[in-house]
Amino acid sequence: MSDSQGPLWEVFVQKKAGQPFVHCGNLHAYDKEMALQNARDLYTRRGEGMALWVVLSDAIVSSSPEDMGSFFEPSNDKIFRHPTFYQIPDGVGHM
Amino acid sequence: MGRVNVEEVFEAKLAKNDFIEPKDWMPENYRKHLIRQISQHAHSEILGMLPEGNWISRAPSLRAKLVLLAKVQDEGGHGLYLYTAAESLGISRDEMLNALLTGKAKYSSIFNYPTLSWADVGAVGWLVDGAAIMNQVMLQRSSYGPYSRAMVRICKEESFHQRQGYEIMTHLSFGTPEQKAMAQDALNRWWFPTLMMFGPPDRESPNSENALKWRIKRETNDQLRQRFVNQTVIQAEYLGLTIPDKGLVWNEAKKAYDFSEPDWAEFKNVIKGNGPCNKERLVSRNKSHKDGEWVRAAAAAYGKKQMEASLAA
Amino acid sequence: MTKQEALFNYTLRLGDTSLILAQRLSEWTGHGPFLEEDLALTNIALDIFGRAKSLLEYAAKVENKGKTEDDLAFFRNDREYFNALITEQPNGDYAKTILRQAFIDCFDLMFYTELSNTKDATLVGISQKSIKEITYHKRHSFSWVKRFGNGTEESLTRLQQGFDELWPFTGELFEMNEVDEVLLKDGLAVDLSRLKAVWEKEIGDLLNESHVQIPESTYIQTGSRKGLHSEHLGYILAEMQSLPRMHPTAKW
């Protein structure tokens, strides 16, 4: 939603190099550079991050609560996707 | 396929201590109650920048200045986290700011009291932040996800605020006689207004019942107030300061302090807009907002041009 | 002038410039044009106060009279302050505040980069920390100058007006006196005359991009190197120093 405070952005912070970017909150900004600077000033005041992503909230596509069953439950019975499904004989070492 | 009863899903989530998220179905009253509570909380953080900000230019040491500036800035950040949490419920920041600037929205009555001396900066940190933290710790477990997450972040950041206030009180209480008098005077003026921060007594609190049912609040005003008094008495004793309440006595039977009620008539009066600084605070907020109007317009115009340029490229 | 006197005065000059600038910037805290920007500018003020504290701490050490940074900040009169005149000028509107910041950020980044190559270990340490901070400050102020210059008609008018008010105070930043000469001999100071052309080029480019008209020549306001200030500094100090001076024996 755009108002006189500028559009809303989503902020993602990477705590350390190599780690995933994690959503940490929102802010308002009028352009990309400002969004990035504001994210730095708002969400990394206590050394919380090493890298930042900002993206317009409008650009986020999200699943809805009604999707929960059809999206996520079908994966619950695919136990063969998990390593514990398989039996490995003793004595062959770590696999 | 049978239609899921959304209300049952909502109730089941509450019962399981699950969080409600922005896209989940929620009763309209739940949404309204949250918007009111979160935006009031945000306004309080923003208005709360003013009484303490009053002393930034006069902080008596460079260290004190740095700490106070960082603290006032944090309040602004907390207001911002809360505004965005409220925005996830479908209200814009503009709408909330308008309600604040036109005097329609409420905010914590405490910020309508003046900070007259440096000791007030200490008292605000020690008492007002101390009271706020009690409330905020509870709200970390509130049922609305974005609110709860904002509170977790806020609590983490707030932890230094109360200590900063108490540290100022310590320096003053163990300082010169004039400094100690300053500290006592601040405690005298801030004690009862701080007790009012927890809201009206349970017997008169109209919003509490739903708030508890929905886990928007988890403890009552009186419970929190009692806990605050119990915790604060020993801190005042250490400072050698006297809490300005002759009715304050330990009650062995209930293992808690008895204390006098604040003047609820004064509370209502301040809420109505007649506190010592209500008008000043709003005038100040309005002025800053108005002075910033052309800045926002320029930024919006520039942002639009940037966007068009990047689309054309 | 001894080397110690010169180093004391030089460190005060840097410390005072940071202190008074931060004092001015922090007037915006709680009153910014919108919430995000309020926090951003306060972050900058915090960095600069921090630098002021380190520099005055060092000045007190160089002076070696048992004083603290707070003694220096709160118990000197305006004639004993050596901050650049531009820092004490009233904030004006946000365009003026931002433009002053851009002028100083551009200068400071060059200055502290040079200072980090000098021979005083403490000043080198402070410089190394400051360079990172100022790099960000400059990115912030420069991007805002461009926004104002390319935003609305009103923002450009205000930017130009801020420029007209501030420009006469920029020349003083490059002024050198006996203090600089004494220290330069031992590689303890920055040769300011070498910074001017680069500064003018960078600021000129920024102002061109932002459609600000630069006059051919301007009369330069000066005086701070001798402790001669505008009327504004007296008020800043009266406010800032009031509490410690009211209770001179108190600890805070």
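Provided above is the structure to which this section pertains.
The structure displayed is predicted, hence computed values, not measured ones. Just so you know, the residues in each chain are numbered from 1, in the order the chain's sequence is written. Written order decides the labels, with chains lettered from A and ligands numbered from 1. Given that this is a predicted model, residues contribute local features only at a pLDDT of at least 70 and side-chain atom pairs are listed and counted only at 80 or more, while totals for whole chains, interfaces and linings are drawn from all residues. Water and hydrogen atoms were dropped before computing side-chain values, which therefore reflect all heavy atoms in the structure.

Observations regarding the overall build of chain C
Piece 1. We count a stretch as a helix when DSSP gives it H or I for four or more residues in a row; a strand needs E for two or more, and each element gets its number in order from the N terminus. Scanning chain C for helices and strands turns up 10 helices and zero strands.
Piece 2. Each helix and strand of chain C, placed in order from N terminus to C terminus, yields the pattern α-α-α-α-α-α-α-α-α-α.
Piece 3. Principal-axis analysis of the C-alpha atoms places the extent of chain C at approximately 55 × 40 × 30 Å.
Piece 4. Exposure is judged per residue with a 1.4 Å probe applied to protein chains only, and the accessible area is read against the type maximum: over 50% gives exposed, under 20% gives buried, and values in between give partly exposed. Considering chain C as a whole, with its 252 residues, one finds that 62% of them fall into the buried category.
Piece 5. Across chain C, contacts joining residues at least 24 apart in sequence account for 81% of those joining residues at least 6 apart.
Piece 6. Surface accessibility in these figures is a Shrake-Rupley result with a 1.4 Å probe; residues are shielded only by whichever protein chains are displayed. Per element, the accessible surface of chain C, about 10,100 Å² overall, is 51% carbon and sulfur. Every residue pair with non-hydrogen atoms within 4.5 Å of one another is taken to be in contact.

Observations regarding the packing of aromatic side chains
Piece 1. In summary, the pairing rule links any two rings of Phe, Tyr or Trp, Trp by its six-membered ring, whose centres are within 6.5 Å, and it sorts them by plane angle into stacked for under 30 degrees, edge-to-face for over 60 and tilted for everything else. Per the counting criterion, the structure on display carries 33 aromatic pairs over all chains.
Piece 2. One aromatic cluster is present, built from ring pairs that chain together Tyr-10, Phe-103, Phe-107, Phe-111, Tyr-112, Phe-163, Trp-167, Phe-174 and Trp-199 of chain C.
Piece 3. Whether a charge sits over a ring comes down to the Lys NZ or Arg CZ being within 6 Å of the ring centre and within 35 degrees of the ring normal. For the cation-ring pair, Arg-40 of chain A lies above Tyr-136 of chain C, with the distance from its terminal atom to the ring centre recorded as 3.5 Å.
Piece 4. When the ring centre of Trp-55 of chain B is taken as origin, the NZ or CZ atom of Arg-58 of chain B, which lies over that ring, is 3.7 Å away.

Observations regarding the interface of chain C and chain A
Piece 1. Between chain C and chain A, the residue contacts involve 12 residues of the former and 14 residues of the latter.
Piece 2. In this assembly, chain C packs against chain A so that about 1,300 Å² is buried in total across both faces, 49% of it on carbon and sulfur atoms.
Piece 3. Each salt bridge in this description consists of a side-chain nitrogen of Lys or Arg and a carboxyl oxygen of Asp or Glu lying within 4 Å of one another. Taken together, chain C and chain A are joined by two salt bridges.
Piece 4. Among the ionic pairs, Arg-139 of chain C bridges to Glu-33 of chain A, the shortest N-O distance being 2.6 Å.
Piece 5. For the purposes of these results, a polar contact is taken to be a pair of N or O atoms within 3.5 Å, where, inside protein, one atom must be able to donate a hydrogen and its partner to accept one; residues adjacent in sequence count only when each atom of the pair is a side-chain atom. Viewed at the interface, chain A and chain C are joined by eight residue pairs in polar contact (both at pLDDT 80 or more).
Piece 6. The set of elements that each furnish at least two residues to the side of chain C that touches chain A consists of α2 (35-63) and α6 (121-149) of chain C.
Piece 7. Top contributing element to the side of chain C that touches chain A by residue count: α6 of chain C, with six residues.
Piece 8. Residue type decides the class: Asp, Glu, Lys and Arg count as charged, Ala, Val, Leu, Ile, Met, Phe, Trp, Tyr, Cys and Pro as nonpolar, and the leftover types, Gly among them, as polar. For the side of chain C that touches chain A, the per-class residue count stands at five nonpolar, three polar and four charged. Accessible-area loss on putting two parts together, using a 1.4 Å probe and summing over both, is the definition of buried area adopted here.

Here we look at the interface of chain B and chain C
Piece 1. Counting residues at the interface gives 44 residues for chain B and 48 residues for chain C.
Piece 2. Of the roughly 3,800 Å² buried at the junction of chain B and chain C (both faces included), carbon and sulfur atoms supply 71%.
Piece 3. Contact with chain C buries surface across chain B, with Leu-62, Gln-73 and Trp-294 of chain B losing the most and accounting together for 20% of the total.
Piece 4. Remark: the boundary between chain B and chain C carries one salt bridge.

Considering the packing of helix α5 (residues 118-139) of chain B against helix α7 (residues 177-196) of chain B
Residues and elements named next belong to chain B.
Piece 1. Their axes nearest at 9 Å, the elements α5 and α7 cross at an angle of 35 degrees. Relative to α7, α5 is oriented so that their crossing is right-handed. Where α5 approaches α7, its residues Trp-118, Ala-119, Asp-120, Ala-123, Val-124, Trp-126, Leu-127, Val-128 and Ala-131 are matched on the opposing element by Met-182, Ala-183, Ala-186, Leu-187, Arg-189, Trp-190, Trp-191 and Thr-194.
Piece 2. Considering only residue class, the contact of α5 with α7 consists of 14 nonpolar, one polar and two charged. Note on geometry: axes are C-alpha line fits, over the in-contact stretch for helices, and angles between N-to-C directions span 0 to 180 degrees. Handedness of a helix crossing follows the sense of rotation of the near helix relative to the far helix, less than a right angle counterclockwise being left-handed and clockwise being right-handed.

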